[in-house]
Amino acid sequence: MRRALMILAACLALAAAAFYPANPVTRSAQTYAGTVAAASGGVYLTLRSLNAILSTAQEVEVGGAFVVQGSAQPFKVLEPVDDTVERVAQLVFYVMVVTGVLAVAMGPVTGIGFAMAALALTAGAFARAGSSGALGTLARRLGLYGAFLGLALPLSFLLSSLVADRMTQAIWDKHSTVVAEITANVAPDIAPGIAAEEPSSGVLSVLQGARDNLDRYSDLAANIYARADELATSLVALLSVFLFKVLILPGLILGGFFVSVRVFAHDRPAEPPRTPGT
């Protein structure tokens with residue numbers, strides 16, 4: 001009876017391994033990882049656009065010939081802000097890549113886990129009950145690790161998807177609003193040396209266009225520099241939300257499963273023989 005039940009369980013585990021794309025737990029975990037990847041991708045594009053604007057602004061030169069021949073780059077003051085935006089954008093990119101890999105690999109990994117469980121159940125079916133031999137130990141440990149990959153991994157992301165948004169929504173709304181306000185003031189039509197008026201070969205027209213662009217960059221520099229601390233704080237907060245949703249919270253839940261698996265995977269020490277009268 002025991003052997004028949006284990007063989008039946010092995011067949012079910014093998015079916016779960018073969019048809020893992022239809023597993024609702026796995027699909028929910030993949031959807032969660034894909035949602036985080038999409039959100040991080042949107043933030044990454046926004047940060048790279050802001051980075052490009054700030055880099056362009058730093059290259060604007062103001063020349064003078066009244067006292068000393070030469071030129072200056074007054075918007076180099078934005079360089080620390082630009083470096084911060086670039087570094088945060090790189091970290092967000094790594095988060096986006098990791099979540100994208102998780103969304104793709106979640107299904108195959110759970111399939112491998114169920115296949116390991118099926119193999120363990122098959123081996124256990126032919127091992128004697130309570131056996132502490134090599135076959136019994138292999139079946140027990142392989143089954144626990146297979147259950148860890150097939151069940152614990154997607155369940156950790158599924159549980160994270162149920163609570164992560166509620167735990168981070170207030171922080172996300174607050175800091176994403178700050179970033180949106182600051183980046184909204186970046187004029188999309190700023191381009192060095194291009195005047196807003198109709199094309200003209202006149203010197204006055206060219207000078208007027210350059211002056212207009214200088215005024216726009218001045219407004220941009222003043223706005224971002226005045227709120228540089230706010231911008232840096234909000235960017236770090238948004239990055240922290242991504243890390244919490246895709247690494248920290250699933251890692252904590254997965255760690256609980258892992259500790260449980262390690263406890264049950266190790267052999268229990270045999271009880272010492274009792275002496276008469278004890």
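The rules behind each value
- Residues numbered from 1 in each chain as written.
- Predicted model: local features only at pLDDT ≥ 70, side-chain atom pairs only at ≥ 80, totals over all residues.
- Heavy atoms only, no water.
- Helix = DSSP H or I, 4+ residues; strand = E, 2+ residues; numbered from the N terminus.
- Contact = heavy atoms within 4.5 Å.
- Areas by Shrake-Rupley, 256 points an atom, 1.4 Å probe, with all protein chains shown as cover.
- Axes fitted to C-alpha atoms, helices over the stretch in contact; angles between N-to-C directions.
- Parallel < 35°, antiparallel > 145°, perpendicular 65-115°, else oblique.
- Left-handed = near helix turned anticlockwise from the far one by under 90°.
- Nonpolar A, V, L, I, M, F, W, Y, C, P; charged D, E, K, R; others polar.
- Phe/Tyr/Trp six-rings, centres within 6.5 Å; stacked < 30°, edge-to-face > 60°.
- Buried < 20%, exposed > 50% of the residue type's maximum accessible area, 1.4 Å probe, protein only.
- Lys, Arg positive; Asp, Glu negative; His and termini not counted.
- Salt bridge = Lys/Arg side-chain N within 4 Å of Asp/Glu carboxyl O.
- Polar contact = N/O pair within 3.5 Å; in protein donor to acceptor, adjacent residues only side chain to side chain.
- Expected span 1.5 Å × (residues − 1).
- Arc of directions from axis to C-beta.
- Core = buried A, V, L, I, M, F, W, Y, C linked by side-chain atoms within 4.5 Å.

Draft legend 1. The arrangement of the overall build of the protein chain in detail. What the protein chain contains, in helices and strands, is six helices and two strands. For the protein chain, the N- to C-terminal ordering of α and β elements is α-α-β-β-α-α-α-α. Sequence separation of 24 or more characterises 82% of the internal contacts of the protein chain that already satisfy a separation of 6 or more. Surface summary for the protein chain: the accessible area is close to 16,200 Å², and the carbon and sulfur share equals 66%.

Draft legend 2. Quick peek at the packing of helix H1 (residues 2–18) against helix H3 (residues 79–125). Where H1 meets H3, the closest approach of the two axes is 8 Å, and the angle between their N-to-C directions is 165°. It follows from the interaxial angle that H1 and H3 lie roughly antiparallel. Helix-helix and strand crossings are classified by hand; for H1 and H3 the assignment is left-handed. Taking contact as the criterion, the partners of Arg 2, Arg 3, Met 6, Ile 7, Ala 9, Ala 10, Ala 13, Leu 14, Ala 16 and Ala 17 in H1 are, on H3, Gly 111, Phe 114, Ala 115, Ala 117, Ala 118, Leu 121, Thr 122, Gly 124 and Ala 125. Of the residues assigned to the contact of H1 with H3, the class counts are 14 nonpolar, three polar and two charged.

Draft legend 3. Seen up close, the packing of aromatic side chains. For the coordinates displayed, the defined rule picks out five aromatic pairs. Ring centres 5.7 Å apart and planes at 65° place the aromatic pair Phe 148 and Phe 258 in the edge-to-face group. Separated by 110 residues along the polypeptide, Phe 148 in helix H4 (residues 134–184) and Phe 258 in helix H6 (residues 228–265) bring together distant segments of the chain. Residue classification places Phe 148 among the buried positions, given a relative accessible area of 14%. Summarising the aromatic geometry, the rings of Trp 172 and Phe 242 are spaced 5.3 Å apart at their centres and angled 70° between planes, so their arrangement reads as edge-to-face. Here Trp 172, found in helix H4, pairs with Phe 242, found in helix H6; they are 70 residues apart in sequence, far enough to count as distant. According to the relative accessible area criterion, Trp 172 is partly exposed, its value standing at 23%. You can call Phe 242 buried: its relative accessible area is 2%. Each residue in the set Tyr 44, Phe 93 and Tyr 94 is aromatic and connected to the rest through ring pairs, giving one cluster.

Draft legend 4. Layout of the side chain of Asp 82. With respect to the secondary-structure elements, Asp 82 resides in helix H3. Here Asp 82 sits buried without a salt bridge, and the closest side chain of opposite charge, Arg 48, lies 7.4 Å off (N-O distance). Here Asn 51 takes part through its side chain, which lies 2.3 Å from a polar atom of the side chain of Asp 82. Those residues in contact with Asp 82, other than ones at most four positions away along the chain, are Asn 51, Leu 54, Ser 55 and Gln 58.

Draft legend 5. Spotlight on the pattern of salt bridges. Summed over all chains, the structure comprises three salt bridges. The partner of Asp 165 in a salt bridge is Lys 245, with the nearest N and O atoms 2.8 Å apart. You can see Asp 165 sitting in helix H4 and its partner Lys 245 sitting in helix H6, a full 80 residues away along the chain. The partly exposed category is assigned to Asp 165, whose relative accessible area is 35%.

Draft legend 6. A look at helix H2 (residues 24–58). Its 35 residues place the ends of H2 51 Å apart at the C-alpha level, agreeing with the 51 Å of an ideal helix rising 1.5 Å per residue. Residue Asn 23 occupies the N-cap position of H2, its side-chain oxygen lying 3.0 Å from the main-chain nitrogen of Val 25.

Draft legend 7. Inspection of H1 at higher detail. Under the 1.5 Å per step criterion, the end-to-end length of H1 is 24 Å for 17 residues, consistent within 8% with the ideal 24 Å. Among the residues of H1, Met 6, Ala 10, Ala 13 and Ala 17 are the ones counted as buried. Angularly, the buried residues of H1 cover 65° about the axis, an arc narrow enough to put them on a single face. The outward face of H1, more than 90 degrees from its buried face, is lined by the exposed residues Leu 8, Leu 12 and Ala 18. Where the residues of H1 are buried, they touch H3.

Draft legend 8. Representation of the packing of H3 against H4 within the structure. In the contact formed by H3 and H4, the axes pass within 7 Å of each other and the chain directions differ by 155°. Here H3 is positioned roughly antiparallel relative to H4, judged by the angle of their axes. The interaxial crossing formed by H3 with H4 has left-handed handedness. On H4, the residues touching Leu 102, Met 106, Val 109, Thr 110, Gly 113, Phe 114, Met 116, Ala 117, Leu 119, Ala 120, Ala 123 and Gly 124 of H3 are Leu 135, Ala 139, Leu 142, Gly 143, Tyr 145, Gly 146, Leu 149, Gly 150, Leu 151, Leu 153, Pro 154 and Phe 157. The residue makeup of the contact of H3 with H4, split by class, is 18 nonpolar, six polar and no charged.

Draft legend 9. Inspection of the nonpolar core at higher detail. By size, the foremost hydrophobic cluster in this structure holds 41 residues, and its most contacted members are Leu 47, Val 85, Ile 224 and Leu 231. Contributing elements (two or more residues each) for this core: H2, H3, H4, helix H5 (203–226) and H6. Considering each element in turn, this core owes the most residues, eleven residues, to H6.

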